[in-house]
Amino acid sequence: MAELILRAYNSSDETAVVELWNRCGLIVPWNNPQRDIALKIEFQPELFLVGESDGKVIATIMAGYEGHRGWLNYLAVAPEYQGQGIGRRIVEEAIDRLQATGCPKINLQIRASNQDVIKFYQRLGFSVEDVISMGKRL
């Protein structure tokens, strides 16, 4: 693999990002990826990161900090690049950027059935907390 470049998302990445999310199974019927991207670039766009190699988007992560907690969403690494430390690198970059904002803690949500992703984040120092995640679609 050529050098991995971690950088902020730019609008010319949209098609490649949505394709990557589809390949990684991150898009579900109730999420509109183009809308999610549009919302993110309106708020803390510098925390929407892509990983690029040979001019191709191969990884993404959306981070955010609302003043109380940081959040990580849309971590994706192209299947053919998984297992090479790219996920770890882009998560660590997002964490560094969140810490630079003064963020004291990061939360994320993972489907309970996604044991591989739970193990991945545990290797990065995250732990399962005794909380219930709730949501309401608006």
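In the block above lies the structure referred to throughout.
Residues numbered from 1 in each chain as written. Predicted model: local features only at pLDDT ≥ 70, side-chain atom pairs only at ≥ 80, totals over all residues. Heavy atoms only, no water.

Colleague: So what exactly am I meant to see when it comes to the packing of helix α1 (residues 14–23) against helix α2 (residues 33–42) here?
Modeller: Between two packed helices, what matters for the description is the angle formed by their axes and the separation of those axes. Between α1 and α2, the shortest axis-to-axis distance is 10 Å and the interhelical angle comes to 125°. When the interaxial angle is binned, α1 and α2 end up oblique. Like other packed secondary-structure pairs, α1 and α2 cross with a definite hand, here right-handed. Two secondary-structure elements touch here, α1 through Glu14, Val17, Val18 and Trp21 and α2 through Pro33, Gln34 and Ile37. Its residues placed into classes, the contact of α1 with α2 shows five nonpolar, one polar and one charged. (Axes fitted to C-alpha atoms, helices over the stretch in contact; angles between N-to-C directions. Helix = DSSP H or I, 4+ residues; strand = E, 2+ residues; numbered from the N terminus. Parallel < 35°, antiparallel > 145°, perpendicular 65-115°, else oblique. Left-handed = near helix turned anticlockwise from the far one by under 90°. Contact = heavy atoms within 4.5 Å. Nonpolar A, V, L, I, M, F, W, Y, C, P; charged D, E, K, R; others polar.)

Colleague: I'm lost on the nonpolar core in this one. Help?
Modeller: Among soluble globular proteins, nonpolar side chains are generally buried collectively. Within the largest apolar cluster, 37 residues are counted, with the highest numbers of intra-cluster contacts made by Leu72 and Tyr121. Listing elements by their share of this core, those giving two or more residues are α1, β2 (48–53), β3 (56–65), β4 (70–77), α3 (86–100) and α4 (115–123). If you tally residues by element for this core, the top one is β3, at seven residues. With residues near it in sequence (within four places) discarded, Tyr121 still touches Leu72, Leu75, Val91, Leu108, Ile110 and Phe126. (Core = buried A, V, L, I, M, F, W, Y, C linked by side-chain atoms within 4.5 Å. Buried < 20%, exposed > 50% of the residue type's maximum accessible area, 1.4 Å probe, protein only.)

Colleague: What is the right way to look at the side chain of Thr60 in this model?
Modeller: Tracing the backbone through its elements, the reader meets Thr60 in strand β3. On the basis of relative accessible area, Thr60 is assigned to the buried category, the value being 0%. Engagement of the side chain of Thr60 in a polar contact is seen with the side chain of Trp21, the distance being 2.8 Å. Among the polar contacts made by the side chain of Thr60, one reaches the main-chain carbonyl oxygen of Tyr74 at a distance of 2.8 Å. (Polar contact = N/O pair within 3.5 Å; in protein donor to acceptor, adjacent residues only side chain to side chain.)

Colleague: Any chance you could explain the layout of surface pockets here in plain terms?
Modeller: Once rolled over the atoms, a probe with the size of a water molecule shows which space is left empty. Here the largest pocket defines a volume of roughly 2,100 Å³. Around the largest pocket sit 49 residues that line it, and Leu72, Asn73, Tyr74, Leu75 and Gln109 are the ones nearest its centre. Of the residues forming the lining of the largest pocket, the biggest block, seven residues, is contributed by β4. Looking at side-chain class alone, the lining of the largest pocket contains 24 nonpolar, 15 polar and ten charged residues. Estimated volume of the second largest pocket: approximately 600 Å³. Along the walls of the second largest pocket sit 20 residues, with Leu108, Gln109, Ser127, Glu129 and Val131 positioned nearest its centre. Every element with two or more residues in the lining of the second largest pocket is listed here: β5 (106–107) and α4. Residue contributions to the lining of the second largest pocket peak at three residues, all from α4. (1 Å grid on protein atoms, 1.4 Å probe; cavity = no way out; pocket = protein on both sides within 12 Å on 5 of 7 lines; lining within 4 Å. Points joined across faces, edges and corners; volume = space filled by probe spheres on them.)

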